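Working through the structure, step by step
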Amino acid sequence: MRIHISHETRYHYDVPASGLIQTLRLTPRNYDGQHVIDWRIDVSVDCRLDRQEDAFGNITHAFTADGPLGDLTIAVVGEVETRDTGGIIAGAIERFPPSLYLRETALTQPDAAIKEFARDQGAHDSTLALLHALLTRINKEIVFDTDPTHVSTTAAEAFALRRGVCQDMSHVFIACARLLGVPARYVSGYLWHADGTVLQEAGHAWAEAYVSDLGWVAFDPANGVSATEAYVRVAAALDYLGASPVRGTRYGGGAEALAVRIEVDQAARQAQN
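Quick summary incoming for the structure in this document. This is a predicted model, so every value here is computed, not measured. (Residues numbered from 1 in each chain as written. Predicted model: local features only at pLDDT ≥ 70, side-chain atom pairs only at ≥ 80, totals over all residues. Heavy atoms only, no water.)

Details of the overall build of the protein
- Check the secondary structure of the protein and you find 6 helices and 15 strands.
- In terms of overall size, the protein behaves like a compact globule, its C-alpha atoms giving a radius of gyration of 19 Å where 273 residues would be expected to give roughly 19 Å.
- For the protein, the spread of C-alpha atoms along the three principal axes comes to 60 × 40 × 35 Å.
- When the 273 residues of the protein are sorted by exposure, 49% land in the buried category.
- Taking as baseline every contact in the protein between residues at least 6 positions apart, the subset at least 24 positions apart corresponds to 76%.
- Roughly 12,600 Å² of accessible area belongs to the protein as shown, and the carbon and sulfur atoms make up 48% of that amount.
- Charge centroids of the protein, computed over 23 positive and 35 negative side chains, lie 3 Å from each other. (Helix = DSSP H or I, 4+ residues; strand = E, 2+ residues; numbered from the N terminus. Rg over C-alpha atoms; globule rule 2.2 N^0.38 Å. Buried < 20%, exposed > 50% of the residue type's maximum accessible area, 1.4 Å probe, protein only. Contact = heavy atoms within 4.5 Å. Areas by Shrake-Rupley, 256 points an atom, 1.4 Å probe, with all protein chains shown as cover. Lys, Arg positive; Asp, Glu negative; His and termini not counted. Charge placed at Lys NZ, Arg CZ, Asp CG, Glu CD.)

Printed below as a string of structure tokens:
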């Protein structure tokens, strides 16, 4: 599948900011199930985008800008060719052994309720079967809801609410998998919707877990499936903070208003339009 992506992030500051520093994880990499055909990042301020790689092998772009800055727009446009690998991630850059991804973080630290939930998964014939059972339970028991959580919500907080977004469900899945001795990590990216929904208010997030005889396998708790050709993988890390699309700081600026507009569609349909 050839997927076209347009992702625009706009910031408005009530009082012009005197300066800012931003790090972007908005550029996908090639691996066996994904080939980047074209990708471009534009920033509305006069700056230089410095391309680097972080510790996990994600492509990053960093920039600084001096004020006064009343607005900032980060625009991404690109096309990616994908194919269905049954959720198996092969050929991706791996900087660390799988055991690193057993490490807890503040966002994925389990509480007593998550520990009980993880222990209650029961016996399964294989690690893969265990992970699919966990995927199904989280998808059924946590309701997708954009209201009660935010970017700093922990797995324990979302699990207590039994509500949240894809980020929250992924953190819960990761916390449970690690408790069960399975390395797991957070993935940010994009999802093409087969129902024809093109305009989206946010990117997508899911998890990957390491299965000894298969390698890394992608699981999407928000949709209850393994990743397919409809998924575009951008960044992976221990949790959201390490894979977030945009992170940074600014000096001054007062209150901030954020608007995100994402379009994910098949490239052939884009050409027709």
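Re the packing of aromatic side chains
- Tallying each qualifying case throughout the model produces 10 aromatic pairs.
- The interplanar angle of 85 degrees and the centroid separation of 5.0 Å between the aromatic rings of Trp206 and Tyr231 together place this pair among those described as edge-to-face. With a gap of 25 residues between them, Trp206 in strand 10 (residues 204-211) and Tyr231 in strand 13 (residues 231-237) connect regions that are remote in the sequence. Neither residue differs from the other here; Trp206 and Tyr231 are each classed as buried.
- The rings of Phe56, Phe96, Tyr101, Tyr210 and Trp216 are connected pair by pair, giving a single aromatic cluster.
- The ring of Tyr101 is capped by Arg185, whose NZ or CZ atom sits 5.2 Å from the centre of that ring. (Phe/Tyr/Trp six-rings, centres within 6.5 Å; stacked < 30°, edge-to-face > 60°. Lys NZ or Arg CZ within 6 Å of the ring centre and 35° of its normal.)

Some details on unusual backbone geometry
- In this structure, the amide linkage connecting Gly67 to the following residue, Pro68, adopts the cis form with an omega of 5 degrees.
- Within the fold, Pro68 resides in strand 4 (residues 59-82).
- One non-glycine residue, Arg162, lies in the positive phi region at around 60 degrees.
- Checked against the element boundaries, Arg162 lands in the loop between helix 3 (155-161) and strand 7 (163-164).

So, helix 2 (residues 127-141)
- Between its first and last C-alpha, helix 2 extends 21 Å over 15 residues, near the 21 Å set by a 1.5 Å rise per residue.
- Along helix 2, the residues that are buried comprise Leu130, Leu131, Leu134, Leu135 and Ile138. All buried residues of helix 2 fall inside an arc of 140 degrees around its axis, so they share one side. (Expected span 1.5 Å × (residues − 1). Arc of directions from axis to C-beta.)

Regarding helix 1 (residues 112-119)
- Inspection of helix 1 places Ile114, Phe117 and Ala118 among the buried residues, and these make up the whole buried set. Seen end-on, helix 1 carries its buried residues on one side only, within an arc spanning 95 degrees. Projecting away from the buried face of helix 1 at angles above 90 degrees are the exposed residues Ala112, Glu116 and Arg119.
- Looking at the buried side of helix 1, the elements it contacts are helix 2, helix 3 and helix 4 (166-179).

Some words on the pairing of strand 3 (residues 50-53)
- In this structure, strand 3 lies alongside strand 4, joined through 4 bridges in antiparallel fashion. Within the sheet, the bridge partner assigned to Asp50 lies in strand 4 and is Ala62.
- Joining the antiparallel neighbours strand 3 and strand 4 is a turn of 5 residues, in which Gly57 adopts a positive phi near 90 degrees. (Pairing = 2+ DSSP bridges.)

Comments concerning the nonpolar core
- In this structure, Leu72, Ile74, Phe173 and Tyr190 are the most contacted members of the largest nonpolar core, which totals 78 residues.
- In this structure Phe173 touches Leu131, Leu134, Leu135, Ile138, Ala207, Ala209, Phe219 and Pro221, once residues within four positions along its chain are discounted. (Core = buried A, V, L, I, M, F, W, Y, C linked by side-chain atoms within 4.5 Å.)

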